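Below, each chain spelled out in residue letters.
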Amino acid sequence: MGTTASQLGKADLSEYQELTFLTKQEILLAHKRFTELLPKEEKNSTNARVPMTKILTLPELKSNPFKERICLVFSTTNPNDGSFSFDDFLDFLSAFSDSATLEIKSHYAFRIFDFDNDGTLSCGDLEKLVDCLTYESEDSRLTTEEMRQLITNILEESDIDKDGTVNLSEFQHVISRSPDFVSSFKIVL
Amino acid sequence: MISQCHILESVCRDLFTSVWEVKHPSKTGQAESAESAVQHSLYLGLSTQHCITASSPFSTQQTNSSNKRSKWETSVVEHKNHARELVRKADLSQWDALVIMSGDGLLFEVINGLMEREDWKQAIQTPLGILPGGSGNALSASIHHYSQSLPAWNEELLLSCGFIICKGLVGPLDLVSVHLASTQRLFSFLSLAWGFVADVDIESEKYRHVGAIRFLMGTLVRLASLRVYQGRLAYLPVKEAPKPPKGSINHPPSTTQHPSHCLSLPCRLIPNSSPKLGSRPVRTNLNQNTVSNSSNNVITNMRPEPKKDRKATALVDSLLPALDQPVPESWTVVKEEDFVLVLAIYQSHLAEDLWTVPEATADDGLIHLFYVTAGISRPALLRLFLAMEKGAHLACGCPHLVYEKVRALRLEPISPQGMITVDGEVVEYGPVQAQIHPGLARLICG
């Protein structure tokens, strides 16, 4: 596939429908919005990529504290530069769509929170997570003591095998107790 | 399970014995018989399974010459709605009080069981006591707070509440009747919540420390994907009425039954028209005021009945029109339609460590309505919850947080997915409205 022709072909459209959780309309809208982000000369080229800086200008992502992580997680570049092909973009939208399952969402949430990409949520990851949520100004940050206590509590709650980190299954287990997680973890264009 | 019950029994026995002795060290003779009364009056249960116990006459109040053998009964509640069934069918005449050791959820069932009875009017007068035993100990924390004690958690809170029950002082308890779309009516004693608060995991109660405690993985994740809920909110505000001229207005509780006289102004007592209100059924009054405002046409179902009218067998929600009817003119409709959370609470604490309404009491006849509009930043929301532990959230000066004292409210969610909780229990999602019934029940409190 890898199409970014300014018109999305019918065959491609049905293929995308099958491979993602998105509806036809959502895919068409995604295509439109993606093409808008491309510079003029690339609008008709296939396999065009939108750099991370442009992705971050999307209004749906602009105020999201995890926007960079989102780009890095869904980008398929190596080395990872956070840029999106149309396929990457659809993968992202699919994971955050209305119909994506708890498993998919919690899987991606885990990857987004795994700042050091080592496959598990360590104290460092959790600290960064909390910082993302609390850092607005110097006085809204948690104190070292509060942070330590918070991380201890989280590990106590989630770290079942007591290895000091939260792995994917432990994370998914905790998340499954939040009945509203699926509908909250949503980004829709 | 049985052995666990006995262990707890003796723990409680020791607990209450020592409490009694501490309070009355010299009166050993009296203490003994009183002590046995106390010992037998509360027995409990299990943390994994909820327990409800009926308690017996508090002979601590009387000098115990007759040494009445106190009766007590413990029922272990095994599944959801078990308590409700028990209470609905129980012979309440032999009991002086019902004490629950568990979380707020069990009390919710008990209250609703009582209200489902034919003799609900007497049944709901049964004094209710609560001991913090499970997750969700908001009422215990509130009662402890009303006794003007310093904040306490865990065993200290249990001790304090146990002590309050020993003292056996009973006061009025406001209940809120909640209407759901399915025409189901529930009675609530603690809160009604929608949005972020409803999502907060009750499990997190277990992890109590002073500090950033309410934030566990689930909350962080929810904060990360901070959701906005669309909906419409309207409420009947309480305006601080000037002290009424003597003799012209009924005692304050009847303010809930006055229809609105104003089209565009919020509901207010109008001293001039009141002499009639006191003497006749308000129904007549409604007609007399029709001339002055056409708003009454909207209020088709609003037939407030004065408390003296005992003809109705079911409790009437005089402030609430049918859910599919528009709200009365006297109500304030909130302009914004994007919320992070809406919380109606009628006790002081939403949880052991969430001191939500610093000056609330169990019988203030008020619903304290909080809502947070969309646009609040994550750190600001977190800060609010952190501040709430000390009751300082109102002082945060957050422009997105609004607090109003109301007597009734209606919430119509527009977002198709979400959760509404009543007293921490998830209820059917859809339009909901509620009004307060001051002092409908009775609570054992300090």
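The preceding data block contains the structure.
Everything numeric here is computed off the predicted structure, so don't read it as measured data.

A. Focus on empty space enclosed by the protein. Residues and elements named next belong to chain B. Counted under the stated rule, the structure contains three cavities of 30 Å³ or more. Forming the walls of the largest cavity are 13 residues, and the residues nearest its centre are Leu 341, Val 372, Phe 385, Met 388 and Leu 401. If you list the elements that add at least two residues to the lining of the largest cavity, you get β10 (338–345), β13 (367–373) and α12 (378–388). Looking at the lining of the largest cavity, the element that brings in the most residues is α12, giving four residues. Taken together, the residues that form the lining of the largest cavity break down as eleven nonpolar, two polar and no charged.

B. Expanded view of the environment of Ala 392 of chain B. Residue and element names in this part refer to chain B. Its location among the elements puts Ala 392 in the loop between α12 and β14 (401–413). Owing to a relative accessible area of 31%, Ala 392 belongs among the partly exposed residues under this scheme. Taking the C-alpha atoms as reference points, Ala 392 and Thr 356, separated by 36 residues in sequence, lie 8.6 Å from one another.

C. Highlighting the packing of aromatic side chains. Scanning all chains against the criterion turns up 18 aromatic pairs over all chains. Summarising the aromatic geometry, the rings of Phe 34 of chain A and Phe 89 of chain A are spaced 5.5 Å apart at their centres and angled 35° between planes, so their arrangement reads as tilted. With Phe 34 of chain A in helix α2 (residues 24–37) and Phe 89 of chain A in helix α6 (residues 86–95), the pair connects residues that are 55 residues apart, well separated along the chain. A relative accessible area of 0% places Phe 34 of chain A in the buried class. Since its relative accessible area comes to 0%, Phe 89 of chain A is described here as buried. A ring pair is formed by Phe 370 of chain B and Tyr 403 of chain B, whose centres lie 4.6 Å apart and whose planes are at 10°; its orientation type is stacked.

D. How the structure looks around unusual backbone geometry. Residues Asn 78 of chain A and Pro 79 of chain A are joined by a peptide bond in cis, for which omega reads 0°. Non-glycine residue Gln 148 of chain B carries a positive phi angle of around 60°. With respect to the helices and strands, Gln 148 of chain B occurs in the loop between α6 (138–146) and α7 (154–167).

E. Fine view of the side chain of Arg 84 of chain B. All names here are of chain B. When you line up the elements, Arg 84 lands in helix α3 (residues 82–89). Side chain to side chain, Arg 84 and Glu 116 meet in a polar contact 2.6 Å long. Setting aside residues no more than four positions away along its own chain, Arg 84 makes contact with Glu 109, Asn 112, Gly 113, Glu 116 and Leu 186.

About the cut-offs
- Residues numbered from 1 in each chain as written.
- Chains lettered and ligands numbered in written order.
- Predicted model: local features only at pLDDT ≥ 70, side-chain atom pairs only at ≥ 80, totals over all residues.
- Heavy atoms only, no water.
- 1 Å grid on protein atoms, 1.4 Å probe; cavity = no way out; pocket = protein on both sides within 12 Å on 5 of 7 lines; lining within 4 Å.
- Points joined across faces, edges and corners; volume = space filled by probe spheres on them.
- Helix = DSSP H or I, 4+ residues; strand = E, 2+ residues; numbered from the N terminus.
- Nonpolar A, V, L, I, M, F, W, Y, C, P; charged D, E, K, R; others polar.
- Buried < 20%, exposed > 50% of the residue type's maximum accessible area, 1.4 Å probe, protein only.
- Phe/Tyr/Trp six-rings, centres within 6.5 Å; stacked < 30°, edge-to-face > 60°.
- Polar contact = N/O pair within 3.5 Å; in protein donor to acceptor, adjacent residues only side chain to side chain.
- Contact = heavy atoms within 4.5 Å.

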